[in-house]
Amino acid sequence: MRQCIAEHLLARRDGGRNTRGNIAAACWLYNQRRHRRKHPLSLGGREGADR
């Protein structure tokens, strides 16, 4: 069974807030892997899409 967690779209350390528009549901396992990467992917998996 997969566990779903709340993930900040814009990290709190980068000025993100605890608002509904800045929090999304994310798979815990995916989120752990994403944060371990040298260059983390965005939540949508669209690396570099906002550049």
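Calculation rules
Residues numbered from 1 in each chain as written. Predicted model: local features only at pLDDT ≥ 70, side-chain atom pairs only at ≥ 80, totals over all residues. Heavy atoms only, no water. pLDDT = per-residue confidence, 0-100. Contact = heavy atoms within 4.5 Å. Helix = DSSP H or I, 4+ residues; strand = E, 2+ residues; numbered from the N terminus. Disulfide = S-S within 2.5 Å.

Asker: What is the right way to look at the confidence of the model for the protein in this model?
Answerer: The predicted coordinates of low-pLDDT regions are not to be read in fine detail. In the predicted model, the protein carries a mean pLDDT of 77, and the fraction of residues at 70 or more is 71%. Ignoring residues within four places in sequence, the model shows residues 46–51, a span with pLDDT below 50, making four contacts including any to other chains.

Asker: Sorry, what's going on with the environment of L10 here?
Answerer: Inspection of the secondary structure assignment puts L10 in the loop between β1 (4–8) and β2 (23–27). Taking the C-alpha atoms as reference points, L10 and N22, separated by twelve residues in sequence, lie 6.4 Å from one another. Not counting residues up to four positions away in its chain, the partners in contact with L10 are G15, G16 and N22.

Asker: Please explain the state of the cysteines as it appears in this structure.
Answerer: When the sulfur atoms of two cysteines share a covalent bond, that bond is a disulfide. Tallying each qualifying case throughout the model produces zero disulfides. Just so you know, C27 is unpaired, no disulfide at all, and the nearest cysteine sulfur is the one on C4, 7.8 Å from it.

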